[in-house]
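Structural characterization, general
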Amino acid sequence: MSIPSEIRSLVDELYQVLDDSDRQATQGLFALRRAMSLFPQNEILMQYFSSISNFQFCVSGVRLQAEHIVGNVLMAGVPDEDVQKAGDYLAALLHMAPESRIMIDKVVERLEALQ
């Protein structure tokens, strides 16, 4: 069985958002390391490090969930109702991603302002 085109487009868009978010978080970690080398005991910077690391962990988790969903949809004999539920869940993941991304963008902006 192949992936329905609606789900394929959701998966592609979700992976793109996750890739962009992961790149942004990596950029934030680089900026954060520069700032932490100047202020190694700064608690706010430590919190930022924790937030960005948690965000990257969540991105990895969402990517893994999407991969499992796609694998389940590809199994033979999956009812249309389950395929629809998979699409709905992928859409929900896709809609949650920008909210997290906004948080990371704000942290990165603050870090870059320190430079």
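Residues numbered from 1 in each chain as written. Predicted model: local features only at pLDDT ≥ 70, side-chain atom pairs only at ≥ 80, totals over all residues. Heavy atoms only, no water.

Before going further, it helps to spend a moment on the overall build of the protein. Secondary structure summary: the protein contains 3 helices and 0 strands in total. Mapped in sequence order, the helices and strands of the protein form the string α-α-α. Relative to the globule expectation of 13 Å for 115 residues, the C-alpha radius of gyration of the protein, 18 Å, shows a markedly less compact shape. When its C-alpha atoms are laid out on the principal axes, the protein stretches across 60 × 20 × 15 Å. Carbon and sulfur atoms make up 57% of the accessible area of the protein, which amounts to about 7,200 Å² in all. (Helix = DSSP H or I, 4+ residues; strand = E, 2+ residues; numbered from the N terminus. Rg over C-alpha atoms; globule rule 2.2 N^0.38 Å. Areas by Shrake-Rupley, 256 points an atom, 1.4 Å probe, with all protein chains shown as cover.)

What follows concerns the packing of helix 1 (residues 5–38) against helix 3 (residues 80–114). Between helix 1 and helix 3, whose axes approach to 9 Å, the crossing angle comes to 20°. In terms of their interaxial angle, helix 1 and helix 3 are classed as roughly parallel. For helix 1 against helix 3, the interelement crossing comes out left-handed. Here the contact of helix 1 with helix 3 is composed, by residue class, of 19 nonpolar, 5 polar and 5 charged. (Axes fitted to C-alpha atoms, helices over the stretch in contact; angles between N-to-C directions. Parallel < 35°, antiparallel > 145°, perpendicular 65-115°, else oblique. Left-handed = near helix turned anticlockwise from the far one by under 90°. Nonpolar A, V, L, I, M, F, W, Y, C, P; charged D, E, K, R; others polar.)

Take helix 2 (residues 43–74) next. With 32 residues, helix 2 should cover 46 Å at 1.5 Å per step; its first-to-last C-alpha distance of 47 Å lies within 8% of that length. In this fold, the buried residues of helix 2 make contact with helix 1 and helix 3. (Expected span 1.5 Å × (residues − 1). Contact = heavy atoms within 4.5 Å.)

Confidence in the prediction for the protein averages 88 pLDDT; 98% of positions are at 70 or higher. Confidence scores differ between elements of the protein, with helix 3 showing the lowest mean pLDDT of 85 and helix 2 the highest of 91. (pLDDT = per-residue confidence, 0-100.)

A word on helix 3. With 35 residues, helix 3 ought to run about 51 Å at 1.5 Å a step, and its terminal C-alpha atoms sit 52 Å apart, in line with that. For helix 3, the set of buried residues is Val83, Ala86, Gly87, Leu90, Ala91, Leu93, Leu94, Ala97, Ile104, Val107, Val108 and Leu111. Contact partners of the buried residues in helix 3: helix 1 and helix 2. (Buried < 20%, exposed > 50% of the residue type's maximum accessible area, 1.4 Å probe, protein only.)

Attention now goes to the nonpolar core. Leu14, Leu32, Ile52, Leu90 and Leu111 are the most contacted members of the largest nonpolar core, which totals 32 residues. In this view, Leu14 contacts Val62, Ala66, Leu90, Leu93 and Leu94; residues no more than four positions away in its chain are not counted. (Core = buried A, V, L, I, M, F, W, Y, C linked by side-chain atoms within 4.5 Å.)

Next up on the list: the pattern of salt bridges. Across all of its chains, the model carries 4 salt bridges by this definition. When the shortest N-O distance is used, the salt bridge between Arg63 and Asp19 registers 3.1 Å. One end of the pair, Arg63, is in helix 2; the other, Asp19, is in helix 1, with 44 residues separating them in the sequence. Between Asp20 and Arg23 there is a salt bridge, with the nearest N and O atoms lying 2.5 Å from each other. Here the residue Asp20 and the residue Arg23 both occupy positions in helix 1, the gap between them amounting to 3 residues, near one helical turn. (Salt bridge = Lys/Arg side-chain N within 4 Å of Asp/Glu carboxyl O.)

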